[in-house]
Amino acid sequence: MPRPALHHMLPRLAAVLCMVACLLCLSACHDEEQMWPSYVQDLACLQADADGRGTTLVLDNGTRYGVNNPPSGMEAHEARRVCTYYLLQANGGVRLMGTRSVLVAEAKHYAPDKCVCDPLTLMAAWTGGGFLNLRLALMASAAGSHYLGFHLQEAVPQPDGALTQHLLLLHDQNADPLYFTREVYLSMPLASLTAATPQQADSVCLHVFTFKGETTLTLPLP
């Protein structure tokens with residue numbers, strides 16, 4: 001029986017599934033190598049001013065930088081979750097070398113027929129900036145759309161009195177062919193756990209279906 005897609009439940013990833021151009025190159029001249037200035041890669045929030053220009057970059061550790069080359073086209077006062085590549089500047093600001101939007105999905109309860117768990121690869125998981133952050137590798141085509149989300153499961157008390165909230169990572173391949181590996185970032189606001197559960201959890205146990213089967217990962221909550 002075909003499984004319903006998550007078109008109305010989970011946001012699209014098309015904008016996220018793009019390749020990042022290489023920002024570091026080497027050149028040789030008269031037996032001497034010269035490197036381009038080293039850049040920093042971070043997940044952050046890009047904040048816009050009243051004119052919709054991304055003028056402030058806020059890192060997950062709380063550090064704030066003024067953006068010397070603010071991008072336009074954002075909503076006024078928008079705060080956008082991004083994966084960014086930047087150079088630190090002498091004036092204390094940053095120059096953005098590239099940004100791409102990061103999908104933000106809240107933890108919520110989904111109906112059983114919406115809990116699609118097509119396999120993927122979990123590359124990294126951590127908490128920071130008020131988010132649970134995942135770095136994932138999807139098998140995809142150049143123009144395919146996938147759907148991702150977090151399904152709230154049970155909260156399990158531990159012998160020491162702590163509480164662990166279980167989450168199921170949802171992934172709908174959406175019939176996209178398995179042509180290439182695409183790396184994507186996914187962030188879940190930790191505040192969505194507080195809003196959805198009556199008790200404050202001390203940790204999360206993430207259930208992920210990979211190409212080798214189901215795996216779990218437990219992370220403490222800040």
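Everything in this summary refers to the structure shown in the same document. Quantities reported herein were computed from a predicted structural model and do not represent experimental measurements.

### Quick notes on the pairing of strand β4 (residues 54-59)
- In terms of burial, β4 is largely enclosed, as 5 of its 6 residues are buried.
- Pairing of strand β3 (residues 40-48) with β4 involves 5 bridges; the strand directions are antiparallel. Across the sheet, residue Leu-46 finds its bridge partner in β4, namely Leu-57.
- Here β3 folds back onto β4 in antiparallel fashion, the turn holding 5 residues, of which Gly-52 has a positive phi close to 75 degrees.
- The loop that links β4 with its antiparallel partner strand β5 (residues 64-66) comprises 4 residues; one of these, Gly-62, has a positive phi angle of about 95 degrees.

### With respect to the nonpolar core
- By size, the foremost hydrophobic cluster in this structure holds 24 residues, and its most contacted members are Leu-136, Phe-150, Leu-167, Leu-169, Leu-186, Met-188 and Leu-193.
- The element best represented in this core is strand β11 (residues 131-140), accounting for 4 residues.
- The residues contacting Leu-193, other than those within four sequence positions of it, are Ala-107, Leu-152, Gln-165, Leu-167, Met-188, Val-204 and Leu-221.
- Of all hydrophobic cores here, the second largest spans 12 residues; its members include Ala-44, Tyr-65, Val-94 and Leu-96.

### Examining the sheet that holds β3
- With antiparallel pairing, the 5 strands of this open sheet are ordered in space as β5-β4-β3-β6-β7. With one partner strand each, in any of the chains shown, β5 and β7 (94-101) form the two edges of the open sheet. When the angles between neighbouring strand axes are averaged without regard to direction, this sheet yields 40 degrees.

### Topic: unusual backbone geometry
- Backbone geometry places Asn-174, a non-glycine residue, at a positive phi of 60 degrees.
- By the secondary structure assignment, Asn-174 is in the loop between β13 (163-172) and β14 (180-189).
- Overall, the relative accessible area of 28% leaves Asn-174 in the partly exposed class.

### Describing the layout of surface pockets
- What the largest pocket holds in volume is close to 150 Å³.
- In terms of lining, the largest pocket is formed by Gln-165, Leu-190, Leu-193, Thr-194, Thr-197, Pro-198, Gln-199, Gln-200, Ala-201, Leu-221 and Pro-222.
- Of the residues assigned to the lining of the largest pocket, the class counts are 6 nonpolar, 5 polar and no charged.

### Considering the packing of aromatic side chains
- Under the criterion given, the structure shown has 3 aromatic pairs.
- On the basis of an interplanar angle of 65 degrees and a centroid distance of 5.7 Å, the ring pair of Tyr-39 and Tyr-85 is categorised as edge-to-face. Separated by 46 residues along the polypeptide, Tyr-39 in the loop between β2 (32-35) and β3 and Tyr-85 in strand β6 (residues 79-88) bring together distant segments of the chain.
- Tyr-39 sits in the partly exposed class, given a relative accessible area of 30%.
- Arranged with centres 6.2 Å apart and planes meeting at 75 degrees, the rings of Tyr-179 and Phe-180 form a pair that is edge-to-face.
- Between Arg-81 and the ring centre of Phe-131, over which it is positioned, the NZ or CZ distance is 4.1 Å.

What counts, and at which threshold
- Here, residues in each chain are numbered from 1, in the same order as that chain's written sequence.
- The predicted origin of the model limits local features to residues at a pLDDT of at least 70 and limits the giving and counting of side-chain atom pairs to 80 or more, whereas totals for whole chains, interfaces and linings rest on all residues.
- Side-chain metrics in this entry use all non-hydrogen atoms of the structure; hydrogen atoms and water are not considered.
- Note on exposure labels: buried denotes an accessible area under 20% of the residue type's maximum, exposed denotes more than 50%, and partly exposed covers the range between, all computed with a 1.4 Å probe on protein chains only.
- Strands here mean DSSP runs of E at least two residues long; helices mean DSSP runs of H or I at least four residues long; both are numbered from the N terminus.
- For two strands to be treated as a pair, DSSP must find at least two bridges joining them.
- Here, nonpolar core means buried Ala, Val, Leu, Ile, Met, Phe, Trp, Tyr and Cys residues that are tied together by side-chain atoms lying within 4.5 Å of each other.
- A contact between two residues is defined here by any heavy atoms of the two lying within 4.5 Å.
- Only the stretch in contact is used when a helix axis is fitted, and all axes are lines through C-alpha atoms; the angle between N-to-C directions ranges over 0 to 180 degrees.
- The way it works is a 1 Å grid over only the protein atoms, where trapped points that fit a 1.4 Å probe form a cavity and open points with protein on both sides within 12 Å along at least five of seven lines form a pocket, and then any residue with an atom within 4 Å of a point lines it.
- Grid points are joined across faces, edges and corners, and a volume is the space filled by probe spheres set on the points.
- Note that Gly is not counted as nonpolar here; it falls among the polar residues with everything else outside the nonpolar set of Ala, Val, Leu, Ile, Met, Phe, Trp, Tyr, Cys and Pro and the charged set of Asp, Glu, Lys and Arg.
- Aromatic contacts are taken between Phe, Tyr and Trp rings whose centres are within 6.5 Å, Trp giving its six-membered ring; a plane angle under 30 degrees counts as stacked, one over 60 as edge-to-face, and the others as tilted.
- In this scheme, the term charge over a ring applies when either NZ of a lysine or CZ of an arginine sits within 6 Å of the ring centre and within 35 degrees of the ring normal.

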